[in-house]
Amino acid sequence: MEGEGVEKNDTLGVKWFRMAAENGDIMGAYNLGSCYYNGEGDLKVDYAEAVKWYQKAAEKGLDIAQYQLGLCYLEGTGVEQNKEEAFQ
């Protein structure tokens, strides 16, 4: 999504993040979640979908995904607010 070495194209970035995520890549899942969270590429903001992808990456041990998922639970963004879940 940075456009390093190629012309910047957020839509293609989302495509490749999705392919990586669907093949079990944890960074792909986290990045796809972030695209949904921020409405990047051809995606509209969808917090519930962002949480889905953050959770996939978090369950595989990606610390930044665990942090972002915790914030979602703390703030009730894309999930029902649950402070106990946020701080586990």
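Residues numbered from 1 in each chain as written. Predicted model: local features only at pLDDT ≥ 70, side-chain atom pairs only at ≥ 80, totals over all residues. Heavy atoms only, no water.

Time to look at the packing of helix α1 (residues 10-22) against helix α2 (residues 26-38). Packing of α1 against α2 leaves a shortest axis separation of 7 Å and a crossing angle of 135°. When the axes of α1 and α2 are compared, the pair comes out oblique. Pair α1 / α2 crosses with left-handed handedness. Contact residues: α1 offers V14, F17, R18, A20 and A21, while α2 offers G28, A29, N31, L32, C35 and Y36. (Axes fitted to C-alpha atoms, helices over the stretch in contact; angles between N-to-C directions. Helix = DSSP H or I, 4+ residues; strand = E, 2+ residues; numbered from the N terminus. Parallel < 35°, antiparallel > 145°, perpendicular 65-115°, else oblique. Left-handed = near helix turned anticlockwise from the far one by under 90°. Contact = heavy atoms within 4.5 Å.)

What follows deals with the pattern of salt bridges. Summed over the entire model, instances satisfying the criterion amount to two salt bridges. K8 is paired through a salt bridge with D10; the nearest N and O atoms lie 3.1 Å apart. Across the salt bridge formed by E49 and K52, the nearest N and O atoms sit 3.2 Å from each other. Separated by three residues within a single helix, E49 and K52 lie in helix α3 (residues 47-59), roughly one turn from each other. (Salt bridge = Lys/Arg side-chain N within 4 Å of Asp/Glu carboxyl O.)

It is worth spelling out the packing of α3 against helix α4 (residues 63-75) at this point. In the contact formed by α3 and α4, the axes pass within 8 Å of each other and the chain directions differ by 135°. With respect to α4, the axis of α3 lies oblique. Helix-helix and strand crossings are classified by hand; for α3 and α4 the assignment is left-handed. Each of V51, Y54, Q55, A57 and A58 in α3 lies in contact with α4, whose residues at this interface are A65, Q66, Q68, L69, C72 and Y73. Counted by class, the contact of α3 with α4 contains eight nonpolar, three polar and no charged residues. (Nonpolar A, V, L, I, M, F, W, Y, C, P; charged D, E, K, R; others polar.)

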